[in-house]
Each structure stands twice: as structure tokens, then as C-alpha cells.
Amino acid sequence: QATASRREFFGGATMAAAASVGFLATANPLPSMAASGGAPPTREELNRIKVGYEGIEYLLANFDKETTICRENGGECKRDAEPVRRYLGLRSTTDPLFQIEKVFNKVKYMELEDPDKLETFFEATEEFNSAINLSNSMAFVSQFGVSVVVLYCCIVCCVVLL
């Protein structure tokens, strides 16, 4: 039975973010004269990538603490997926990774020390975006628990039978 740990699951997103941070550290965010009307990311936007990466690393290291809510006086504990969505930039415009794909797209307008790494960077950002979308779906579904899974299975069975 193959199951992935949280670290393995988020590992792809984290590695893509790390590659982005490392790649962008060697880039100059000043406008390129060759850029055709596009603006490179600002230093503040590049810092959002770094802060977001650090947030994901923190979430992985403190997953139980960040995603478990217990009632007072020793009551029942439940998982809460909202912190996952928040750390991934899916809850608020103030989250560091909110719409970070727009920042990734601006990289093509930067002056780069090694432009040959651009393709690898964009492949990593595609993997990151895929991992974010999958994580968002899984976090959203987990909020409704097993009932959503059971409902889904019932719908699939009905469709198959029709």
C-alpha cells in the first residue's frame, strides 16, 4: 500500500518553491531593456516567494499544531484544513503566496545571469501550481469529511448505473 507523507506530498511544491527562490536570487529585478513592455517582479514580490517558502517549511514542521483544533477542558480535537490553504496563499490577498503565479510570470522580464535556467524555472513553477491546485482541492474536501467522499461515491455509482 503506497501512501505519501505530508512532507512527500508537499515536497514537490516545496522543492519547486526552493528552486524558484534559488533561481531568483541570481536574477536582477531591474527592468531589462529588451523586455517588450513587461515589468519584472519587484523586490517586494520576490520577497513574497521567500516568505511563502518559509511559511510552507514552517507548516510542514508544525503540521499537527497548525491544523488541529481542540475544545477547551480536554474536549474533542478536530483537524482544520484552513491553515493549509492560508499557507498556500489561498485564503487572503495578504497571504504571501496569494496569486504568486503572476509574480512567476514576470520573471521572463528579468535580467538573468544564466538565462538557460529559465526553462527549468518555469517547469518548477508549473509543478508548484499543480501542487497548489491539488492541495487546495484536498484541503477543501477535507473540511467536509467523509460525507463528501461518500456522496461522491454515490454519485459515481449512479452515473455508472445509468
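To be clear, the structure that these remarks concern was listed above.
Residues numbered from 1 in each chain as written. Predicted model: local features only at pLDDT ≥ 70, side-chain atom pairs only at ≥ 80, totals over all residues. Heavy atoms only, no water.

Draft legend 1. Geometry of the overall build of the protein. The secondary structure content of the protein amounts to seven helices and four strands. Beginning at the N terminus, the succession of helices and strands in the protein can be written as α-β-α-α-β-β-α-α-β-α-α. The proportion of buried residues among the 162 residues of the protein is 30%. The contacts in the protein between residues at least 6 apart in sequence include a share of 68% that link residues at least 24 apart. Accessible surface, the protein: about 10600 Å² in total, of which carbon and sulfur atoms supply 58%. (Helix = DSSP H or I, 4+ residues; strand = E, 2+ residues; numbered from the N terminus. Buried < 20%, exposed > 50% of the residue type's maximum accessible area, 1.4 Å probe, protein only. Contact = heavy atoms within 4.5 Å. Areas by Shrake-Rupley, 256 points an atom, 1.4 Å probe, with all protein chains shown as cover.)

Draft legend 2. Here's a closer look at the pattern of salt bridges. A full pass over the atoms with the stated rule returns six salt bridges. Glu 45 is paired through a salt bridge with Lys 106; the nearest N and O atoms lie 2.9 Å apart. Of the two residues, Glu 45 is situated in helix 2 (residues 43-61) and Lys 106 in helix 5 (residues 100-106); the sequence distance between them amounts to 61 residues. Between Glu 82 and Arg 85 there is a salt bridge, with its nearest N and O atoms 3.4 Å apart. Placement of both Glu 82 and Arg 85 in helix 4 (residues 82-87) is noted, with a separation of three residues, approximately one turn of the helix. (Salt bridge = Lys/Arg side-chain N within 4 Å of Asp/Glu carboxyl O.)

Draft legend 3. Structural context of the packing of aromatic side chains. Taken as a whole and assessed by the stated rule, the structure comprises four aromatic pairs. Ring geometry for Phe 104 and Phe 121: centres 5.8 Å apart, planes at 85°, overall edge-to-face. In this pair, Phe 104 is assigned in helix 5 and Phe 121 in helix 6 (residues 118-142), connecting sequence segments 17 residues apart. Across this residue pair, the class does not change: Phe 104 and Phe 121 are buried. An aromatic cluster of three or more residues is present, and its members are Phe 104, Phe 121, Phe 122 and Phe 128. (Phe/Tyr/Trp six-rings, centres within 6.5 Å; stacked < 30°, edge-to-face > 60°.)

Draft legend 4. Structural view of unusual backbone geometry. Even without a glycine there, the phi angle at Gln 99 is positive, about 50°. Considering the arrangement of structural elements, one finds Gln 99 in the loop between helix 4 and helix 5. For Gln 99, a relative accessible area of 34% puts it in the partly exposed group.

Draft legend 5. Fine view of helix 2. Its 19 residues give helix 2 an end-to-end C-alpha distance of 27 Å, which sits within 8% of 27 Å, the value for a rise of 1.5 Å per residue. When helix 2 is considered as a whole, its buried residues turn out to be Glu 45, Leu 46, Ile 49, Gly 52, Gly 55, Ile 56, Leu 59 and Leu 60. (Expected span 1.5 Å × (residues − 1).)

Draft legend 6. Seen up close, the state of the cysteines. Applying the stated criterion to the full structure yields one disulfide. For Cys 70, the disulfide goes to Cys 77, at an S-S distance of 1.9 Å. Judged by the sign of its S-S torsion, about 110°, the cystine formed by Cys 70 and Cys 77 is right-handed. Here Cys 70 falls in the partly exposed class, since its relative accessible area comes to 43%. Assessed through its relative accessible area of 43%, Cys 77 is described here as partly exposed. (Disulfide = S-S within 2.5 Å.)

Draft legend 7. Representation of the environment of Leu 88 in the model. The residue Leu 88 is located in the loop between helix 4 and helix 5 in this model. Judged by relative accessible area, which is 3%, Leu 88 ranks as buried.

Draft legend 8. Examining the side chain of Asp 95 more closely. Mapped onto the elements, Asp 95 comes out in the loop between helix 4 and helix 5. Among buried charged residues, Asp 95 stands out as having no salt bridge; its nearest opposite-charge side chain is Arg 86, 5.5 Å away. There is a polar contact of 3.3 Å between the side chain of Asp 95 and the backbone nitrogen of Arg 91. Residues within four places of Asp 95 in sequence aside, it is in contact with Arg 86, Gly 89 and Leu 90. (Lys, Arg positive; Asp, Glu negative; His and termini not counted. Polar contact = N/O pair within 3.5 Å; in protein donor to acceptor, adjacent residues only side chain to side chain.)

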